[in-house]
Amino acid sequence: MKGMWGVSLVASASLAGAISTASLTAAETTVTATANSAPALFDNEKVQLTEGVLSDVSATLQNNTIANMFAFANSSTISKRSVRHSCKSMPGDFWWPVDLIWDVFDILLGGSLIKTVPLASYCYPDWPQYNAAKCASITADWLNSDLHMTDPTSIMLPLYEGRSCLPSPYSHTDSCTQGAYPTYAVNVSTVAQIQLAVNFARNLNLRLVVKNTGHDFNGKASGKGALSIWTHYLKDKEYLPNFKAANGYVGPAIKFGSGVQVWEAYEFAKTVGHSVVGGEAVTVGLGGGYTAGGGHSPLSSMYGLAADQVLAMQVVLADGRFITATSTENSDVFWMLRGGGGSTIGVVTSLTVKALPQLETTTVTFNFTVNDTPGPDAFWAAVGSYLDHFETFVDAGTYGYFYIGASEAMFGTTYAGDPNFYFRMESFVAPNMNVAQTEALLAPWFDTLKSLNVSYTPWYNHADNFHDVWAVAFPQEYVGTDVVKTSSRLLPRNVFQSDDLRNQTSAAYRDAVNKGLFIAGFHISGTGIAVEPPTDNAVLPAWRDALSHVIFGATWNFTSSWDVIKSTSLFVTEWMDVIREIAPDSGAYMSEADLLEPNLQEAFHGSNYPRLYALKQKYDPTGLFFALTAVGAEDWEVQTVDPLPYSWNNNGRLCPKSS
């Protein structure tokens, strides 16, 4: 059989012997880091791939063709293969590596390569993994994020991998296929393994994706035929009480491995007497697309976005080389990976962030339905009165996470015209405030609710630290279904300062719910009141003037056809023009945005995009890293095999645009 570059890859006697005698070992060495303005490397970061290691691999293999599959990039190899102008290789293709090559790869990785299967394949008799007992366990836990986090390829929103293999009753079909779940995954525990995976994918023109938890709203961790780098177990943490950063910051900091999730970061910060900026949801990973995309937080109105906290990071770039990035070392990479989005130019292995004060915090949770008011007009007046106070709430450093819809279950909107309106304050978070101060802040709004005869019962929770109230206020969310499509927008300060624009926004909320949509919204700022926002990162400029991030969505049934999904998705995107017209010069938070967002480069990046695109070409000229909403996505298309337009999900061959 022929393989890469037309060279025979049939196992030669010498190569087979090398493998069978175990003379081929893990390709790695432990290095001593040079002094710089970043903290010391974690032990797993000291285990690296070097030119010397690759020379030893080549000598052992006695086959330069195979050895070169793991080589670092250089200008001659990139131009020789011109892989930028080729579709990514897929299983069954002429250029797809034969099993022997995957075996060699696994040995060099030290045995961390996984030949993946969809998590729900245990429920399908035509799969070799079929196991009724395991299927029952998987089905029972399917909506639990822990199940998907601990699987090498499962993602939490399977719509974007092609809804190809879900257990009953969550499946629209009675079959299971691989879909856009990656074909192989590397369970990484060292930098060397990441470098090997990056080099292997780039040199063999494979699609490459990165997964920590699979939380991403648009399924960036999926890719048909892909090799996945699974960073979930990079869990190291180190407290640095007197860190001196390259940007002049001097003070406490914490270094986190990129597999650390926000709940782990919050817990660790508490143990050392601090707080950190992290996501609202338990499942969010700190070091991947969350921080790379900006990263909003219950603490953002106080301290800004997650990207604003980063003081240093370690990264494996698309050429396979491992670097440190700070404001003075590889500063363009440092700029790009703090707000420019995930899946762009490299794989972050760790990041060092500011350790913030351990703030006392109060949260407030309550809800009301239309039945708790004199009627629909009073209900919507109550919602409008909340918008009237957004500016005051944000300027006090608080954060609110709310849902609005029409459903007896108080979740989503059941159907267009459903009269069962509800407002649910998932949590109003008041950092640096006690209960009395929070009550005083809320009093003007609550007085209005009283005047409208709205019945509700607020529950206040207080602790001397952020972690303890967050853990109660933000339980793990349900995941694993393919029944929702969302779109979002950042609403700037001027919307809430203008009676006309604020009233238009309130009317839009009512129109959305009447037409069958639901709303998940936030009062929040990307400019914390306790700090000056940095000017040296790639965060979408619209975040700095935002007072709200609001998501509109629609749902369908588990068994709905692709036609229903297509028409519903288009409706959500088109209806959002109402909100885009209210805030035409704003943008959208890329990590919780519409896959079909019009002019997405401008919406997600604003004036930063030309520089981001130039850096993408500089650091990743072959397009190794790709996501449907990432920098440079316009150069590629996913030739989706489902009955949808191209690039509506990741279930298809990835090709240069118009190839």
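Residues numbered from 1 in each chain as written. Predicted model: local features only at pLDDT ≥ 70, side-chain atom pairs only at ≥ 80, totals over all residues. Heavy atoms only, no water.

Points about the overall build of the chain
Step number 1: For the chain, the helix and strand inventory stands at 23 helices and 22 strands.
Step number 2: Relative to the globule expectation of 26 Å for 659 residues, the C-alpha radius of gyration of the chain, 25 Å, shows essentially globular dimensions.
Step number 3: In terms of overall dimensions, the chain has a C-alpha envelope of 85 × 55 × 45 Å along the principal axes.
Step number 4: Split into buried and exposed, the 659 residues of the chain put 62% on the buried side.
Step number 5: Long-range pairs, those at least 24 residues apart, make up 74% of the contacts in the chain with a sequence separation of at least 6.
Step number 6: Here the chain has roughly 22,900 Å² of accessible surface; of this, 52% comes from carbon and sulfur atoms.
Step number 7: Here the chain contributes 38 positive and 60 negative side-chain charges, whose respective centroids are spaced 7 Å apart. (Helix = DSSP H or I, 4+ residues; strand = E, 2+ residues; numbered from the N terminus. Rg over C-alpha atoms; globule rule 2.2 N^0.38 Å. Buried < 20%, exposed > 50% of the residue type's maximum accessible area, 1.4 Å probe, protein only. Contact = heavy atoms within 4.5 Å. Areas by Shrake-Rupley, 256 points an atom, 1.4 Å probe, with all protein chains shown as cover. Lys, Arg positive; Asp, Glu negative; His and termini not counted. Charge placed at Lys NZ, Arg CZ, Asp CG, Glu CD.)

So, the state of the cysteines
The term disulfide refers to a covalent linkage connecting the sulfur atoms of a pair of cysteines.
Step number 1: Taken as a whole and assessed by the stated rule, the structure comprises 3 disulfides.
Step number 2: The disulfide that involves cysteine 123 links it to cysteine 135, with 2.1 Å between the sulfurs. Its S-S torsion of about 105 degrees marks the bond between cysteine 123 and cysteine 135 as right-handed, since a negative value means left-handed. Within this pair, whereas cysteine 123 is found in the loop between β3 (113-115) and α7 (132-140), its partner cysteine 135 is found in helix α7, the two being separated by 12 residues in sequence. (Disulfide = S-S within 2.5 Å.)

Some words on the UniProt feature "domain: FAD-binding PCMH-type" (unreviewed entry) in the chain
Step number 1: UniProt marks residues 178-358 with the feature "domain: FAD-binding PCMH-type" (unreviewed entry), using the numbering shown here.
Step number 2: Summarising residues 178-358: 20% helix, 29% strand, and an end-to-end C-alpha distance of 46 Å. (UniProt positions renumbered as here; feature names shortened; annotations may be inferred.)

Focus on the pairing of strand β7 (residues 237-244)
Step number 1: Strand direction decides the pairing type here: β7 and strand β8 (residues 250-257), joined by 6 bridges, are antiparallel. Each residue of the ladder has a partner; that of phenylalanine 243, found in β8, is glycine 251.
Step number 2: What sits between the antiparallel neighbours β7 and β8 is a turn of 5 residues, in which glycine 248 has the positive phi angle 100 degrees. (Pairing = 2+ DSSP bridges.)

With respect to the sheet that holds strand β12 (residues 346-354)
Step number 1: A sheet is described by the order of its strands in space; here 5 strands give the open sequence β7-β8-β12-β10-β11, paired in antiparallel fashion. Since the sheet does not close on itself, it has two edges, and those belong to β7 and β11 (322-325), each with one partner. Pairwise comparison of adjacent strand axes, ignoring direction, gives a mean angle of 20 degrees for this sheet.
Step number 2: Alignment of β8 against β12, held across 5 bridges, turns out to be antiparallel. The residue of β12 that forms the bridge with isoleucine 254 is valine 353.
Step number 3: Here helix α9 (residues 191-203) sits on the sheet in contact with β10 (310-317), β11 and β12, set at roughly 50 degrees to β10. (Axes fitted to C-alpha atoms, helices over the stretch in contact; angles between N-to-C directions.)

Some remarks on helix α16 (residues 435-451)
Step number 1: Between the first and last C-alpha of α16 there are 23 Å, a value that for 17 residues agrees with the 24 Å anticipated at 1.5 Å per step.
Step number 2: The largest bend in α16 comes to about 50 degrees, at alanine 443, with the proline proline 444 one to four residues further on.
Step number 3: Within α16, the full set of buried residues consists of Thr438, Leu441, Leu442, Trp445, Phe446 and Leu449.
Step number 4: Summarising the contacts, the buried residues of α16 are in contact with β14 (361-369), α14 (376-388), α15 (390-395), β16 (421-431) and β17 (459-463).
Step number 5: For α16, the N-terminal capping position is held by asparagine 434, with its side-chain oxygen 3.2 Å away from the main-chain nitrogen of alanine 436.
Step number 6: Within two residues after α16, asparagine 453 carries a phi angle of roughly 60 degrees, on the positive side. (Expected span 1.5 Å × (residues − 1). Bend = angle between axes of the 7 residues up to and from the residue. Polar contact = N/O pair within 3.5 Å; in protein donor to acceptor, adjacent residues only side chain to side chain.)

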